[in-house]
Amino acid sequence: MSSTERYQALKGMRDILPPDIYVWQSVEGAAREIFTSYGFQEVRPPVVEATGLFTRSIGENTDIVEKEMYTFQDKAGRSISLRPEGTASVVRCYVENHLHTLPSPQKFYYSGPMFRYERPQSGRFRQFYQIGVEAFGSPHPEMDAEVLSMLRHFLARLGLRSLHFQVNSIGCEDCRPVYKEALRSFFSGRVGDLCGDCGRRYDQNPLRILDCKVERCIEMRAGAPRVTDYLCGGCKTHFERLLSLLGGLGISFSVNPDMVRGLDYYTRTTFEVTSENLGAQNAVAAGGRYDRLVKEFGGPDTPAIGFAIGMERLVELLKQSAQIAAPVPEIFIAAIGERAGHEGLLLADRIRGKGLWVETGEAGSSLKSQMRRADRLSAKYVFILGDDEIDSGTVKWKRLADSAHGEAPMAAMPDLLLKGP
Ligand code: HAM
């Protein structure tokens, strides 16, 4: 006896289907084009890595590592994890493949699925996609400005102009400890009033308290010291130079000293791009500098900076502004009878050879039902082929948008029409 079982995609994971997929593809195409024009080359690291790679770089006390990683044991008992983000993998790839021996700076982009076991909600998934970039080798704020400018250029290419760029500097290993102490003394004596998570954060990494979404913690951090007031000379100069470069590039931005990112590897510059049209999960892209990570992974001392764009959120914004139309077949070939069916297949393949989308009607079905299907597909032209047309070496054509129609030599098709009949 056979039994059937119905399966559903896992919670927080979903299929990406037409017509949405066309928006995805156009985003990916624009990313490839723009990032290439800035000298970024694609890399494709694996989706699964040793768990330690993420715990070490993202940080033991971050939400991602504490709560959100998909971690398993493989058959040999090794702990492996689905990547929750791309930076750690690209840094491993950079060190492992000795890419630091190539002329500096080395600039890479990547795209693909990331996995975080978060509570799913609008704009937040457990499998989500990022397009990210990482630039290795330049400590200069000019590189930060170039990366931000590239992000703006990319978003503008997609027609997204009214997004907010927020930047911050969270200092370096010299000045951040001083700031952390200032934060601890700000909250000291009131640690018990913070939420449980922030109670722990107070000891482990008080910066995280600034990121907490619990109402009580938000209220308690009013008037907290600001990181930008604690930057050392080097960090301050770097940040001021970046702000002036961004101004010079005409990038409108605001400085948000409360923006601490949810990953521990950052040094100095951090940034987020947000939209008012996305609800609670409003960050479309985010990134920053991580000048220590390559060295921590056993490579030479190499400063780096990058960002990642959340594809689902970007696609949502593009769908709201309805700028990308799904492609439609250029030509639908309706054939009547066996001979025409055969001829239609040859004609379709010849036209497809020119890179055009051609559909053919179902063999044996009536002209009426083939026309209905062409209509449903929104084909631009229908070619009608029957015995008479084959005998005379012609094709009847019809343009569905305005019902214009005519007849033309088969050999001249489709060029005659596409040039404009
Ligand atoms: P992140 O802020 O964790 O940074 O993620 C970047 C973007 O990915 C977010 O702004 C958001 O658009 C999207 N995203 C994150 N989590 C989810 C989710 N659960 N569902 C949907 N979208 C999500 C990073 O991942 C860093 N690796 C960025 C970076 C690159 N920093 C330096 N280089």
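The structure presented is a predicted model; accordingly, all values stated were derived computationally and were not measured.

Quick notes on the rules
Residues numbered from 1 in each chain as written. Predicted model: local features only at pLDDT ≥ 70, side-chain atom pairs only at ≥ 80, totals over all residues. Heavy atoms only, no water. Helix = DSSP H or I, 4+ residues; strand = E, 2+ residues; numbered from the N terminus. Rg over C-alpha atoms; globule rule 2.2 N^0.38 Å. Contact = heavy atoms within 4.5 Å. Lys, Arg positive; Asp, Glu negative; His and termini not counted. Charge placed at Lys NZ, Arg CZ, Asp CG, Glu CD. Pairing = 2+ DSSP bridges. Axes fitted to C-alpha atoms, helices over the stretch in contact; angles between N-to-C directions. Buried < 20%, exposed > 50% of the residue type's maximum accessible area, 1.4 Å probe, protein only. Parallel < 35°, antiparallel > 145°, perpendicular 65-115°, else oblique. Left-handed = near helix turned anticlockwise from the far one by under 90°. Nonpolar A, V, L, I, M, F, W, Y, C, P; charged D, E, K, R; others polar. Near = heavy atom within 4 Å. Polar contact = N/O pair within 3.5 Å; in protein donor to acceptor, adjacent residues only side chain to side chain. Areas by Shrake-Rupley, 256 points an atom, 1.4 Å probe, with all protein chains shown as cover. Core = buried A, V, L, I, M, F, W, Y, C linked by side-chain atoms within 4.5 Å. Phe/Tyr/Trp six-rings, centres within 6.5 Å; stacked < 30°, edge-to-face > 60°. Lys NZ or Arg CZ within 6 Å of the ring centre and 35° of its normal.

Student: So what's going on with the overall build of the chain? Residues and values would help.
Tutor: Helix and strand counts for the chain stand at 15 helices and 16 strands. Its C-alpha atoms give the chain a radius of gyration of 28 Å, more than 25% over the compact-globule value 22 Å for 421 residues. Its C-alpha atoms give the chain principal-axis dimensions of about 90 × 65 × 45 Å. Here the analysis covers contacts within the chain between residues at least 6 apart in sequence; of these, 69% occur between residues at least 24 apart. Each charge class in the chain was averaged separately, 52 positive and 53 negative side chains, and the resulting centres sit 1 Å apart.

Student: Account for the sheet that holds strand β14 (residues 381-385), naming residues and giving values.
Tutor: Within the open sheet, the 5 strands sit side by side as β13-β12-β14-β15-β16. Their pairing is mixed. Strand pairing shows two members of the sheet lacking a second neighbour, β13 (358-360) and β16 (405-409), which therefore form its edges. Across the sheet, the mean angle separating the axes of adjacent strands is 25° when strand polarity is ignored. Pairing analysis gives 5 bridges linking strand β12 (residues 331-335) to β14, with the strands arranged parallel. The residue bridging phenylalanine 332 from the neighbouring strand is valine 382, located in β14. Contacting β12, β13, β14 and β15 (394-399), helix α12 (residues 338-352) crosses the sheet at an angle of about 170° to β13. Against the sheet, helix α13 (residues 367-376) makes contact with β12, β13, β14 and β15, and its axis sits at roughly 170° relative to β12, the strand it touches most.

Student: How would you sum up the pairing of strand β11 (residues 304-310)? Please name residues and give values.
Tutor: Here β11 lies mainly inside the structure; 7 of its 7 residues are buried. Burial along β11 is two-sided: the residues Ala304, Gly306, Ala308 and Gly310 and Ile305, Phe307 and Ile309 are all buried. Bridge count for strand β6 (residues 127-136) against β11 is 7 bridges, and the pairing is antiparallel. When the bridges of β11 are listed, phenylalanine 136 appears paired with alanine 304.

Student: I'd love a proper account of the packing of helix α1 (residues 20-37) against helix α11 (residues 311-321), names of residues and values included.
Tutor: Direction vectors running N to C along α1 and α11 enclose 110°, while the axes themselves pass 10 Å from each other. In this view, α1 runs roughly perpendicular relative to α11, as classed from their interaxial angle. Viewed along their axes, α1 and α11 form a crossing whose handedness is right-handed. In this structure, α1 uses Asp20, Val23, Trp24, Val27 and Glu28 to contact α11, whose residues at the interface are Met311, Glu312, Leu314, Val315, Leu318 and Lys319. Partitioning the contact of α1 with α11 into residue classes produces 7 nonpolar, no polar and 4 charged.

Student: Hey, could you go over the site of the ligand for me, with residue numbers and the actual values?
Tutor: Of all residues adjacent to the ligand, which total 26 residues, the nearest are Glu85, Glu118, Arg261, Tyr266 and Ala283. Between the ligand and arginine 116 there is a distance of 2.8 Å, counted from an oxygen atom to a side-chain nitrogen or oxygen. Protein chains shield 96% of the accessible area of the ligand, which is 660 Å² for the free molecule. Listing elements by their share of the shell around the ligand, those giving two or more residues are β6, β10 (283-289) and β11. If you tally residues by element for the shell around the ligand, the top one is β10, at 6 residues.

Student: Any details on the nonpolar core? Residues and values, ideally.
Tutor: Formed by 48 residues in total, the largest nonpolar core has its most connected members in Phe35, Phe154 and Leu314. Of the residues forming this core, the biggest block, 8 residues, is contributed by helix α5 (residues 141-157). Once residues lying within four places of it in the same chain are set aside, the contact partners of phenylalanine 35 are Phe40, Tyr109, Ile131, Val133, Met150, Phe154, Phe307 and Ile309. Counting residues in each nonpolar core, the second largest holds 46 residues, with Met114, Phe128, Tyr266 and Ala308 among its members.

Student: Please set out the packing of aromatic side chains residue by residue, giving values where relevant.
Tutor: The geometry of an aromatic ring pair is captured by the separation of the ring centres together with the interplanar angle, meaning the angle of the planes. Per the counting criterion, the structure on display carries 15 aromatic pairs. Measuring from centroid to centroid gives 5.6 Å for tyrosine 70 and tyrosine 117, while their planes differ by 75°, and the two rings are edge-to-face. Within this pair, whereas tyrosine 70 is found in the loop between α3 (63-68) and β3 (71-73), its partner tyrosine 117 is found in the loop between β5 (106-115) and β6, the two being separated by 47 residues in sequence. What makes tyrosine 70 buried here is its relative accessible area of 15%. When the ring of phenylalanine 108 is compared with that of phenylalanine 136, the centres are 6.1 Å apart and the planes differ by 55°; the resulting orientation is tilted. One end of the pair, phenylalanine 108, is in strand β5; the other, phenylalanine 136, is in strand β6, and 28 residues separate them in sequence. Just as phenylalanine 108 is buried, phenylalanine 136 falls in that class too. Directly above the aromatic system of tyrosine 117 lies the positively charged group of arginine 126, at a separation of 3.8 Å from the ring centroid. Positioned above the aromatic ring of phenylalanine 186 is the side chain of arginine 190, whose terminal nitrogen or guanidinium carbon lies 4.9 Å from the ring centre.

Student: Explain the sheet that holds strand β9 (residues 269-274) to me, using residue names and the numbers behind them.
Tutor: With mixed pairing, 8 strands are arranged side by side in an open sheet as β1-β5-β6-β11-β10-β9-β7-β8. Each having just a single partner strand, β1 (41-42) and β8 (253-255) make up the two edges of the open sheet. Across 2 bridges, the pairing between β1 and β5 is parallel. The residue of β5 that forms the bridge with glutamate 42 is tyrosine 109.

Student: Got a sec to walk through the environment of glycine 171? Specific residues and values, please.
Tutor: Assignment of secondary structure puts glycine 171 in the loop between β7 (164-169) and α6 (176-187). Here glycine 171 falls in the buried class, since its relative accessible area comes to 0%. Considered as a pair, glycine 171 and proline 46 are 125 residues apart in the sequence and their alpha carbons are 31 Å apart. Discounting residues that sit within four places of it in the chain, glycine 171 has contacts with Arg176, Leu231, Cys235, Thr267 and Arg268.

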